[in-house]
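Letter by letter, the chains look like this.
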Amino acid sequence: MAGARAAAATASAGSSASSGNPPPQEPGLGELLEEFSRTQYRAKDGSGTGGSKVERIEKRCLELFGRDYCFSVIPNTNGDICGHYPRHIVFLEYESSEKEKDTFESTVQVSKLQDLIHRSKMARCRGRFVCPVILFKGKHICRSATLAGWGELYGRSGYNYFFSGGADDAWADAEDVTEEDCALRSGDAHLFDKVRGYDIKLLRYLSVKYICDLMVENKKVKFGMNVTSSEKVDKAQRYADFTLLSIPYPGCEFFKEYKDRDYMAEGLIFNWKQDYVDAPLSIPDFLTHSLNIDWSQYQCWDLVQQTQNYLKLLLSLVNSDDDSGLLVHCISGWDRTPLFISLLRLSLWADGLIHTSLKPAEILYLTVAYDWFLFGHMLVDRLSKGEEIFFFCFNFLKHITSEEFSALKTQRRKSLPARDGGFTLEDICMLRRKDRGSTTSLGSDFSLVMESSPGATGSFTYEAVELVPAGAPTQTAWRKSHSSSPQSVLWNRPQPSEDRLPSYQGLVEARSSSSSSSNHSDNFFRMGSSPLEVPKPRLAALSDRETRLQEVRSAFLAAYSSTVGLRAVAPSPSGAIGGLLEQFARGVGLRGISSNAL
């Protein structure tokens, strides 16, 4: 049998009620993050150095999947199928409860799925084939790399060294290419018809209808050569039967700007006028009506708003009434792709729709281990370059706690009881926050507001807190030092405190006082706090969704600060070489050269 059947374990109790104490930690999370920040996962190295740690991580993932699902395992021993996919690829068949088994029972035969995977893997960059990773209402949410192009098929082995200095960030590993692969590539004039045909068969077998492409390019170009392609520019229109969505999203290199701005994503806008950006946003009209989003303004969105709107779109697709699955991919499928796969998994979990028995620390472990580590995200390389997309993912959870991101919002609105004219606890808390003014006046430049809840019990939330001194010279100097890269454009507007993490020194929030806010609204600047501070509780009436996501974020920050933290990592020599070559390509005009290759 292609996959080993895994029996579902007895469901454990749901997440515990919120309290003022820090959420419990997953015992192995620290070890996971240590291993993750030490090396990139490679399936063929699973039994080598650090193999016992990797085996514990793999085993724990299978245990967590088994809490709620019956699944099969597609073996990828030694990376036989894909070098940077898990050695044990989990195919979720149905939820283990009898009710869900009767409602959504898998029609996929694992043996046939495995055969299609083997046949289709060459269709996509680095052999990162379409892989189902989330099961929701009987639908498969899948991930992959983009389509491979001629440049990758015939030149990626040569690119390996020049672009990455032999490091892990290569287009593919030469040893991953088998003799069968080489014969297929060089001996058939209809190569693309064959490999993309198998790719399409795999997509149809998984009932995937929607393909969301996060690339900002139509085709990835290196030194004037197309090294990858994408469904949206397939000349033969092989993917015309699918609903294609081009939702361009900045690559991992843009997240160095996020780190350089002290982990503030609000006000950080991608520069869409760069010469390699040629993929416009394209979404069929029938998918946008219910979202109330002005998609024509996407180039004006900052990183927070862009991520929020794209997540809303993805949630609307998977929550539609049809039975169609979803594929999300970027170029290699290990930076932007896990970002949105992880956010989807956590958002649906927070609504109690998937992984229903997992506690916050457990779902955090699962998504870090499976969605990021075991699918090959190169955290050690990204940290060395300051491209902290991984940290952004979990810090971003504070921006999706509201009901507008809930897949249950329609049902909730219908079932909400009518409100009387009295005040609720939430009303009182909101009045205390917004209308009471400052407790201590510190002059016209700023005021100090203490958020505390002595003796508070019950629900709580977390609030980003910082000191915000005003002053045009300081702000001007900061903008000059943080806006030199062509990757970003900074808005001259106040940065809301919610995008900043609180200080280790205590919960202190500085806000413009009512007497000076009109004169100093553009003079907000954050300083003196660590982006790794674990949020502390304050009194508020929260939904289960918000509480659960805040607990996940808090657990991540605690674990991240004690393992990875903000420790300096030596610059990558391979990255320097790749950067110099890229500058050379731009200088001689190779970047802008078009090619007719598929």
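Here's what I pulled together on the structure shown here. (Residues numbered from 1 in each chain as written. Predicted model: local features only at pLDDT ≥ 70, side-chain atom pairs only at ≥ 80, totals over all residues. Heavy atoms only, no water.)

## Some words on the pairing of strand β2 (residues 88–95)
- Of all eight residues in β2, seven are buried, a share of seventy percent or more.
- Two strands pair when backbone bridges link them, and strand β1 (residues 69–75) and β2 are joined in this way by seven bridges, in the antiparallel orientation. Bridge pairing in β2 links Ser72 to Phe91. (Buried < 20%, exposed > 50% of the residue type's maximum accessible area, 1.4 Å probe, protein only. Helix = DSSP H or I, 4+ residues; strand = E, 2+ residues; numbered from the N terminus. Pairing = 2+ DSSP bridges.)

## Overview of the pattern of salt bridges
- Considering all chains together, one arrives at 23 salt bridges under this definition.
- Between Arg67 and Glu362 there is a salt bridge; the shortest N-O distance is 3.1 Å. One end of the pair, Arg67, is in the loop between α2 (51–66) and β1; the other, Glu362, is in helix α11 (residues 360–373), with 295 residues separating them in the sequence. An identical accessibility class is assigned to Arg67 and Glu362; each is buried.
- Counted as one network, the salt bridges with shared partners bring together Arg60, Glu63, Arg67 and Glu362. (Salt bridge = Lys/Arg side-chain N within 4 Å of Asp/Glu carboxyl O.)

## Description of the sheet that holds strand β8 (residues 243–246)
- Ordered by their spatial adjacency, five strands build an open sheet running β3-β4-β10-β5-β8, and the pairing between neighbours is mixed. Of all strands in the sheet, those with a lone pairing partner are β3 (131–136) and β8, marking the two edges. In this sheet, adjacent strand axes meet at a mean angle of 20° when their direction is disregarded.
- By the bridge criterion, five bridges tie β3 to strand β4 (residues 139–144) in an arrangement that is antiparallel. Counterpart to Ile134 in the pairing with β4 is Ile141. (Axes fitted to C-alpha atoms, helices over the stretch in contact; angles between N-to-C directions.)

## Points about α2
- The terminal C-alpha atoms of α2, which comprises 16 residues, lie 22 Å apart, in line with the 22 Å expected from a rise of 1.5 Å per residue.
- For α2, the complete set of buried residues consists of Gly51, Val54, Ile57, Glu58, Arg60, Cys61, Leu64, Phe65 and Gly66.
- Where α2 is buried, its residues touch α1 (29–38), β1, β2, β3, α10 (336–350) and α11. (Expected span 1.5 Å × (residues − 1). Contact = heavy atoms within 4.5 Å.)

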